[in-house]
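Close look at the chain arrangement
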Amino acid sequence: MPALSFSGTEARASGVKLEDITKRFGKLTVFDGVNLEISPGELFSLVGPSGSGKTTLLRIIAGLEVQDSGRVYIGAKAVDALGPAKRNIGMVFQDYALYPNKTVMENITSPLTVKGTKKQDAVRDAKEIAGLLGIGETLDRRPGQISGGQQQRVALARALIKHPDVFLLDEPFSNLDAQLRFSARKFLKDVQREFGMTTIYVTHDQSEALSISDRVAIMGSGRIHQVGTPKEIYATPADEFTATFIGSPPLNVMHITISGGASTPLSLPLEGLADGNYRIGVRPESLVLGSGPNEAVATAFEYAGRETIVYLGIGGVEMRAIARDVSGMSTGQTVKFSVQPSGVHVLGKEGA
Ligand SMILES: Nc1ncnc2c1ncn2[C@@H]1O[C@H](COP(=O)(O)OP(=O)(O)OP(=O)(O)O)[C@@H](O)[C@H]1O
Ligand SMILES: [Mg+2]
């Protein structure tokens, strides 16, 4: 992407801080004291299952929804008394609703037109930003005459032209097919780096969040379970919710007993755990098939292109493993395996 002359948003990037936010819809308490701090210029993802409160939190930051208590800061300033138009936020939602009867140019300049910016200035900015986003050739067309991916870029351009301090995106790529989605998120990361604005990206796709973000917040039922870099979240999940939500295929969860330093039914490289019963999680990619202290029966194979997901029955539970090479393995066969320590998470001690 070319260097940006579209007069630097970077210098103005503002952090976002949520302080003790509570929110109720009638009897439903969505948030009961949410705290979150997003650094200036950060690409931050909010990830969680459907209904966990992601959209509601974005809407509170944008001022489209009013919290019952708590404060929202953009930069150093509390913005609670400001309406959405005064918060200098750019937003792209899943339904990004371009004006169908306006040209791409008119769509992109619409926020400036509303503000009363001179037409020639708005057109100049729109041309520049459309060029940066690779849609310079489409300015005279209407949304119905461009592809889905281009429409998405028009929506991004329309949000960026205001020089937002904060950019909020709510599942903006969910309408795209898998390939386009892949390039769209790479594109978003490039744009974000180029423009440097603080960006909060909402998705329920954990792998998407891990792949694009500087940091991620894991949200479940209105509660933030963990905030960290993708690596931290993956390698050291703070709790069982995070551990099981992150990872594909998901974490294998099982019970083991440790007695005299040895664990059953799975022999694991665990050190320093007292005798007792534990709930543990084992990442599918940490099972190394072929040799090792464990034996299981292969119950099914799921072809996934580069690798195969192997289902293993051991001690009455079924585990998933990821294997590159399954030649010579078949259903019903006994498979030896070991487990890499980095993929084992102790979720809790039972009876403790
Ligand atoms: N205007 C509203 N009135 C009543 N309840 C609402 C309203 N908006 C959201 N909710 C409820 O608040 C909770 C959080 O909803 P929200 O839309 O924030 O979830 P989400 O994480 O964005 O989910 P999704 O991934 O499905 O978009 C849900 O239980 C939802 O039903
Ligand atoms: Mg939502």
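So, the site of ligand 1
Around ligand 1 lies a shell formed by Phe-25, Leu-28, Val-30, Gly-48, Ser-50, Gly-51, Ser-52, Gly-53, Lys-54, Thr-55, Thr-56 and His-204. Sorting the residues of the shell around ligand 1 by element identifies β2 (28-38) and α1 (54-62) as the ones contributing at least two each. No other element matches α1, which puts three residues into the shell around ligand 1. For the shell around ligand 1, a count of residues per class yields three nonpolar, eight polar and one charged.

Observations regarding the domain arrangement of the protein
For the protein, the assigned domains read domain 1 (10-88 + 163-245) and domain 2 (252-350). Taken residue by residue, the interface counts five residues in domain 1 and five residues in domain 2. Take the side of domain 1 that touches domain 2: its biggest share by element is three residues, from helix α8 (residues 240-245). Partitioning the side of domain 1 that touches domain 2 into residue classes produces three nonpolar, one polar and one charged.

Digging into the packing of helix α2 (residues 104-115) against helix α4 (residues 148-160)
Following both chains from N to C, one finds α2 and α4 inclined at 30°, their axes separated by 7 Å at the closest point. On the basis of their axis angle, the class for α2 and α4 is roughly parallel. When the axes of α2 and α4 are compared, the crossing they make is right-handed. In contact with Val-104, Asn-107, Ile-108, Ser-110 and Pro-111 of α2, α4 contributes Val-154, Ala-157 and Arg-158. When grouped by side-chain class, the residues that make up the contact of α2 with α4 number five nonpolar, two polar and one charged.

Considering the pairing of β2
Here strand β1 (residues 16-25) runs beside β2; their pairing, made up of eight bridges, is antiparallel. Bridge pairing in β2 places Leu-18 opposite Leu-36. Between β1 and β2, which pair antiparallel one after the other, the connecting turn spans two residues, and Gly-26 there sits at a positive phi close to 60°.

As for the sheet that holds β1
Read from one edge of the open sheet, four strands run β2-β1-β4-β5, paired in antiparallel fashion. Each edge of the open sheet carries a strand with a single partner, namely β2 and β5 (77-78). Strand direction decides the pairing type here: strand β4 (residues 69-74) and β5, joined by two bridges, are antiparallel. By the bridge assignment, Tyr-73 is partnered in β5 with Ala-78. With respect to the sheet, α1 is in contact with β1, β2 and β4, its orientation differing from that of β1 by roughly 120°.

Quick look at α4
For α4, spanning 13 residues, the distance from its first C-alpha to its last is 18 Å, which sits close to the expected 18 Å at 1.5 Å a residue. Counting buried positions along α4 gives ten out of 13 residues, so the element sits mostly inside the fold. All of the buried residues along α4 are Gln-151, Gln-152, Arg-153, Val-154, Ala-155, Leu-156, Ala-157, Arg-158, Ala-159 and Leu-160. In the core, the buried residues of α4 are packed alongside β6 (89-93), α2, α3 (119-132), β7 (166-170) and α5 (178-195).

Observations regarding the sheet that holds strand β15 (residues 307-314)
Reading across from one edge, β16-β15-β14-β17 is the order of the four strands in this open sheet, with antiparallel pairing throughout. Bordering the open sheet on either side are β16 (317-323) and β17 (334-339), each of which pairs with just one other strand. The sheet shows a mean angle of 50° between the axes of neighbouring strands, direction not considered. Where strand β14 (residues 287-304) lies against β17, seven bridges are found, and the strand directions are antiparallel. Residue pairing in the sheet places Val-297 in a bridge with Thr-334 of β17.

Describing α2
Along α2, the residues classified as buried are Val-104, Asn-107, Ile-108 and Thr-109. Structurally, α2 contributes buried residues whose contacts are with α3 and α4. One or two positions beyond α2, positive phi appears at Gly-116, with a value near 85°.

Some remarks on the packing of α2 against α3
Where α2 contacts α3, the two axes come as close as 9 Å, and the packing angle between them is 130°. Here α2 is positioned oblique relative to α3, judged by the angle of their axes. Crossing geometry of α2 relative to α3 is assigned as right-handed. When α2 is examined against α3, the residues Met-105, Ile-108, Thr-109, Leu-112 and Thr-113 are found in contact with a partner set consisting of Ala-122, Val-123, Ala-126, Ile-129 and Ala-130. Across the contact of α2 with α3, the residue classes tally to eight nonpolar, two polar and no charged.

Quick notes on the rules
- Going along each chain's sequence as written, the residues are numbered from 1 onward.
- Chains carry letters and ligands carry numbers; both start at the beginning, A for chains and 1 for ligands, and go up in the order they are written.
- Two thresholds apply to this predicted model, a pLDDT of at least 70 for residue-level local features and 80 or more for giving and counting side-chain atom pairs, whereas whole-chain, interface and lining totals are computed over all residues.
- We count a residue as near a molecule or strand when its backbone-placed C-beta atom lies within 6 Å of that partner.
- To qualify as a helix, a DSSP run of H or I must reach at least 4 residues; to qualify as a strand, a run of E must reach at least 2; elements of each kind are numbered from the N terminus.
- Polar here means any residue outside two lists: the nonpolar Ala, Val, Leu, Ile, Met, Phe, Trp, Tyr, Cys and Pro, and the charged Asp, Glu, Lys and Arg; Gly therefore counts as polar.
- Just so you know, the domain bounds were taken from an automatic or database domain assignment.
- Residues are scored as being in contact if the C-beta atoms we place from backbone atoms lie within 7 Å.
- Interaxial angles span 0 to 180 degrees and are taken between N-to-C directions of axes, which are lines fitted to C-alpha atoms, for helices over the stretch in contact.
- When describing relative orientation, an angle under 35 degrees is termed roughly parallel and one over 145 degrees roughly antiparallel, while 65 to 115 degrees is termed roughly perpendicular and anything else oblique.
- Should the near helix be turned counterclockwise from the far one by less than a right angle, the crossing is left-handed, whereas a clockwise turn marks it as right-handed.
- By this definition, two strands are paired if DSSP reports at least two bridges between them.
- Helix span is expected to be 1.5 Å times the residue number reduced by one.
- Each residue is classed by its C-beta neighbour count within 10 Å, where at least 20 other C-beta atoms makes it buried, 12 or fewer makes it exposed, and intermediate counts make it partly exposed; the C-beta atoms are placed from backbone geometry.

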